Amino acid sequence: MFDAFHMNSIALAPDGDLLISMRHTSTVYKVSPSTGQIAWQLGGKHSTFALQPGVQFAFQHDAQFADPHTIRLFNNDTDGADTLGQSSIEWIRLDEAAHTATLVRNQTHPGGVQTFAMGNAQPLPNGNTFGGWGTGQHISEFGPSGELVYDAQTPQAPPIARFCRSGVRNRPSRRRSASRPAIGRRSPPSGTGRPRSGSGGCWPVTPRPRYTRWPPRSGPGWRRRSRCPRRPGFRCRPWTGRGR
């Protein structure tokens, strides 16, 4: 079966319409949810807007309104077979009266990361932008002027988001014993220097499977438990044989 459109994100526009990204047409559509009519389309073969210098994207993901007149999207610019440019996060300002699309900002990764699938961008309260590079296996945070303030390489390509907490208590497992180590608890990634309890903090997190730490009989690995406690303050994680 051929996937002609590959819809990969739907966001609410300020006026109540829907902003829809379709990867296989390299186009972002603004659609009325009540009538199904297309108000305009950005990019692709039949763009409503004249693309000004620097505005170019393909195979994109996560199209959102950054403000009522600006679109933010993750520009893959490659599908693994055809590469048109470097993957990036783009901000594009739309003038619906003049039908023009102007590049506001194009944020690439300083390591030249290419992402043929997935990818997203998230604005942070401090004005920074947090990006997940999908199959490029990086997560990054950029300042308003484009400086890289955080970067990490991931072994896989899960959906990425950044969350904050305040005063969340980390309680040890009541089942802890010599034969059954502690259940994996909520904590920031090792090496971040962020507090594990008390004053709270912010750090990037990725969805973790609900597994418990369990030393295998031989060599690194994990064994799945039949049940995982879901009490507040606990999150199960895989055991890698290299500590938390």
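What counts and how
Residues numbered from 1 in each chain as written. Predicted model: local features only at pLDDT ≥ 70, side-chain atom pairs only at ≥ 80, totals over all residues. Heavy atoms only, no water. Helix = DSSP H or I, 4+ residues; strand = E, 2+ residues; numbered from the N terminus. Buried < 20%, exposed > 50% of the residue type's maximum accessible area, 1.4 Å probe, protein only. Contact = heavy atoms within 4.5 Å. Phe/Tyr/Trp six-rings, centres within 6.5 Å; stacked < 30°, edge-to-face > 60°. Core = buried A, V, L, I, M, F, W, Y, C linked by side-chain atoms within 4.5 Å. pLDDT = per-residue confidence, 0-100. Pairing = 2+ DSSP bridges. Axes fitted to C-alpha atoms, helices over the stretch in contact; angles between N-to-C directions.

Looking at an unreviewed UniProt entry, one finds the chain named Arylsulfotransferase (ASST) and attributed to Mycobacterium talmoniae.

Participant: How would you sum up the overall build of the chain? Please name residues and give values.
Facilitator: Assigned secondary structure in the chain consists of zero helices and 15 strands. Burial statistics for the chain: of 244 residues in total, 40% are counted as buried. At a minimum sequence separation of 6, the contacts of the chain that also span at least 24 residues come to 45%.

Participant: Before we move on, can you summarise the packing of aromatic side chains with the specific residues and values?
Facilitator: The geometry of an aromatic ring pair is captured by two quantities: the separation of the ring centres and the angle between the planes. Scanning all chains against the criterion turns up three aromatic pairs. Measuring from centroid to centroid gives 5.2 Å for Trp-40 and Phe-49, while their planes differ by 80°, and the two rings are edge-to-face. Look at Trp-40 and you get buried, because its relative accessible area is 4%. Each ring, one from Trp-133 and one from Phe-142, has its centre 6.4 Å from the other, and the planes form 75°; the classification is edge-to-face. In this structure, Trp-133 and Phe-142 share a single accessibility class: buried. One aromatic cluster in this structure is built from Phe-74, Trp-133 and Phe-142.

Participant: I'd love a proper account of the nonpolar core, names of residues and values included.
Facilitator: Ranked by size, the top nonpolar core spans 16 residues in total, and within it Leu-19, Trp-40, Leu-42, Ile-92 and Leu-94 carry the most contacts. At the level of secondary structure, the elements contributing two or more residues to this core comprise β4 (38–43), β6 (61–67), β7 (70–75) and β8 (88–95). Excluding its chain neighbours within four sequence positions, the residues that come into contact with Leu-19 are Ser-9, Ile-10, Ala-11, Val-28, Tyr-29, Trp-40, Ala-63, Gln-64, Phe-65 and Ile-71. Counting seven residues, the second largest nonpolar core, distinct from the first, contains Trp-91, Val-113, Ala-121 and Phe-142.

Participant: Run through the confidence of the model for the chain, naming residues and quoting values.
Facilitator: In this model, the chain carries an average pLDDT of 76, and 63% of its residues clear a pLDDT of 70 or more. In the model, residues 165–173 has pLDDT below 50 throughout and makes 29 contacts with residues more than four positions away in sequence or in other chains.

Participant: Tell me about the sheet that holds strand β3 (residues 27–31), and please be specific about residues and values.
Facilitator: Pairing is antiparallel across the open sheet formed by four strands, whose spatial order is β1-β2-β3-β4. On the outer flanks of this sheet lie β1 (7–12) and β4, each paired with one strand and no other. Sheet twist, expressed as the mean angle between neighbouring strand axes with direction ignored, is 20°. Relative to β3, strand β2 (residues 18–22) is paired through five bridges, and the arrangement is antiparallel. Residue pairing in the sheet places Leu-18 in a bridge with Val-31 of β3.

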